[in-house]
Amino acid sequence: MNDMPEKLAPMCELIDGVKALADIPEDQWTGAIAEGKWSPQEIIGHMMLWDKHFLEHAIRPMAAKEPMDMPKVELDEFNRKAAAYARSQGRQELIDQTVHWREQIIGELKRIPEEEYATEYSTGSGKLSVDEYLADFYWHDRHHMDQIHHYIANGHK
């Protein structure tokens, strides 16, 4: 990938994927994708809150050329709270929030000159570049959306 639109295109894929979930049956939206796993609703809440977290603590500081403020996160606790938050929201509200936070990230990433995408920023406990962030979150998006699509395609209820 050599130019910004190409680098940011995978970040945009989540928006259409999440919007498409507005039309699945309610029992699929709230049903676990497998025994002991989250529902699509909970997965989307998880993704949305990670977007919000990274926007606030990494992406905005990078765009402003300020130090990152990456608080230590207990992953299981964060994810548990994200799933609970998702269950407390209406479907359209959760979809709208997910789209909002992803659009905010894309907007902030566009403010960063592409030649700085490889620059490593200190996170307090390590380093992170925009390129690394994009690769990690593309993988994360694909992993979870593939889970949801597989669940829906196989007619799980």
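Here is what the cut-offs are and how they apply
Residues numbered from 1 in each chain as written. Predicted model: local features only at pLDDT ≥ 70, side-chain atom pairs only at ≥ 80, totals over all residues. Heavy atoms only, no water. Salt bridge = Lys/Arg side-chain N within 4 Å of Asp/Glu carboxyl O. Helix = DSSP H or I, 4+ residues; strand = E, 2+ residues; numbered from the N terminus. Buried < 20%, exposed > 50% of the residue type's maximum accessible area, 1.4 Å probe, protein only. 1 Å grid on protein atoms, 1.4 Å probe; cavity = no way out; pocket = protein on both sides within 12 Å on 5 of 7 lines; lining within 4 Å. Points joined across faces, edges and corners; volume = space filled by probe spheres on them. Nonpolar A, V, L, I, M, F, W, Y, C, P; charged D, E, K, R; others polar.

Undergrad: Explain the pattern of salt bridges here, please?
TA: Side chains that differ in charge, positive against negative, can pair when their charged atoms come close. A complete count under the given rule lists 12 salt bridges for this structure. For Arg91, the salt bridge identified is with Glu26, shortest N-O distance 2.8 Å. With a gap of 65 residues between them, Arg91 in helix H5 (residues 91–111) and Glu26 in helix H2 (residues 26–30) connect regions that are remote in the sequence. Look at Glu26 and you get partly exposed, because its relative accessible area is 47%. With a shortest N-O distance of 2.5 Å, Arg87 and Glu42 are connected by a salt bridge. In this pair, Arg87 is assigned in helix H4 (residues 75–87) and Glu42 in helix H3 (residues 40–63), connecting sequence segments 45 residues apart. Classification of Glu42 as buried rests on a relative accessible area of 11%. Among the charged side chains, a network of salt bridges with common partners joins Glu13, Arg142 and Asp146.

Undergrad: In this structure, what is going on with the layout of surface pockets? I would like to understand it.
TA: Where empty space is left can be seen by rolling a probe of water-molecule size over the atoms. Size it by volume and the largest pocket reaches roughly 220 Å³. Forming the walls of the largest pocket are Trp50, His53, Phe54, Met70, Pro71, Lys72, Val73, Leu75, Thr123 and Ser125. In terms of residue count, the dominant contributor to the lining of the largest pocket is H3 (3 residues). For the lining of the largest pocket, the per-class residue count stands at 6 nonpolar, 3 polar and 1 charged. The computed volume of the second largest pocket comes to approximately 160 Å³. As for the second largest pocket, its lining consists of His46, Trp50, Phe54, Leu128, Tyr133, Asp136, Phe137, Trp139 and His140. Elements represented by at least two residues in the lining of the second largest pocket include exactly H3 and helix H6 (130–153). Classifying every residue of the lining of the second largest pocket by side-chain character gives 6 nonpolar, 2 polar and 1 charged.

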